[in-house]
Structures are given as structure tokens and as C-alpha cells.
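What the coordinates show
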Amino acid sequence: MNELGIEYEIMVNNELEETYPQGLTKEEIPVYLAKLNSRAIMGEVPPKNLLITADTIVWLDGKVINKPKGREDAVSILKQLSGNVHEVLTGVCLRTAERKQSFHASSLVWFARLSDGEIDYYIDHYK
């Protein structure tokens, strides 16, 4: 946005509980969450404004890998990802006062095999 010379404001809603209905496909989940974020951040979009919201999930072995709830959970998640291929799916919602458009994009990520020491180092030194 900066490089395009477009003025923007970043709005964050840390209060939103990112839950979704059962039965959604892996492609539908991040789009649903992006739309949920859109409604939570702004009810009505002012004229001549564009609201962009997005959410991302990690998909491995037929299920969503949620954000870790603590160190032990982070170790478990990194061990699951280690040496495997997983899919990262991002849903985006674009909304103006007159229109709303949503879509998703996905990428396959090949994760190197990590030793326990590498996992511990990563968790201890990075968020």
C-alpha cells in the first residue's frame, strides 16, 4: 500500500474468537474467518473506503493445526510439521459500502526434519 501511495489504517481486533462451524471444507474455513474478522472490525464500511481482512490456517493430515496454546503445544505442533508437507490456506475478504468479495489462496509448504534441539531453540528464541 505504501509503494502504491495509498493511505491506509491498520485495525486489529484481538478479542475475536476464531471459531467456525463444523462441516466447512479446508478452503471455506479461512474465508469464513476473514468474513468474521470483517464484520467484527467494522459494521458498515464508510463510502469510498475499502476494508481488507484476511485469516490463515495450517492444514495437515485432514485437520486444522491451531495456534499453540503454550510451549508444550508448540513443541507438539512443530514435531507434527517436521519432515512433512502441509498446506497453508489464506482467506481474504474485500468489502466496500456497496460490495463484498471473498476468495482464498493456498500454498504447499515442505518442512525440513527438525531435531528436538532445533525445535527447542526455535521456540526459545522466536515467537
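See the structure printed just above.
The following refers to the structure shown. (Residues numbered from 1 in each chain as written. Predicted model: local features only at pLDDT ≥ 70, side-chain atom pairs only at ≥ 80, totals over all residues. Heavy atoms only, no water.)

**Some words on the sheet that holds strand E3 (residues 85-95)**
As summarised here, the arrangement of the four strands in space is E2-E1-E3-E4, forming an open sheet in which the pairing is antiparallel. The open sheet has two edge strands, strand E2 (63-65) and strand E4 (100-110), and neither has a second partner. Shown here is a sheet whose adjacent strand axes are inclined to one another by a mean of 35 degrees, direction ignored. The pairing of strand E1 (residues 51-60) with E2 spans three bridges and is antiparallel. Residue pairing for E2: Trp-59 is matched across the bridge by Val-64. The strands touched by helix H1 (residues 28-41) are E1, E2, E3 and E4; relative to E1, the strand with the most contacts, the crossing angle is about 145 degrees. (Pairing = 2+ DSSP bridges. Helix = DSSP H or I, 4+ residues; strand = E, 2+ residues; numbered from the N terminus. Axes fitted to C-alpha atoms, helices over the stretch in contact; angles between N-to-C directions. Contact = heavy atoms within 4.5 Å.)

**Some remarks on the pattern of salt bridges**
For the coordinates displayed, the defined rule picks out five salt bridges. With a shortest N-O distance of 3.0 Å, Glu-18 and Lys-67 are connected by a salt bridge. Pair noted here: Glu-18 is in the segment before H1 and Lys-67 is in the loop between E2 and helix H2 (71-81), with a separation of 49 residues, a long-range link. On the basis of relative accessibility, which here comes to 57%, the residue Lys-67 falls in the exposed class. The shortest N-O distance in the salt bridge between Glu-87 and Lys-26 comes to 2.7 Å. Placement of the pair is Glu-87 in strand E3 and Lys-26 in the segment before H1, with a sequence separation of 61 residues. Note on Lys-26: relative accessible area 24%, which makes it partly exposed. Through salt bridges with shared partners, a single ionic network connects Arg-71, Asp-120 and Asp-124. (Salt bridge = Lys/Arg side-chain N within 4 Å of Asp/Glu carboxyl O. Buried < 20%, exposed > 50% of the residue type's maximum accessible area, 1.4 Å probe, protein only.)

**As for the environment of Asn-37**
Positionally, Asn-37 belongs in helix H1. On the basis of relative accessibility, which here comes to 10%, the residue Asn-37 falls in the buried class. C-alpha of Asn-37 to C-alpha of Ala-54: the two residues are 17 residues apart in sequence and 7.5 Å apart in space. With near-sequence residues (within four places) excluded, Asn-37 lies in contact with Leu-16, Glu-18, Thr-53, Ala-54 and Asp-55. Within polar-contact distance, the side chain of Asn-37 engages the side chain of Asp-55 at 3.1 Å. (Polar contact = N/O pair within 3.5 Å; in protein donor to acceptor, adjacent residues only side chain to side chain.)

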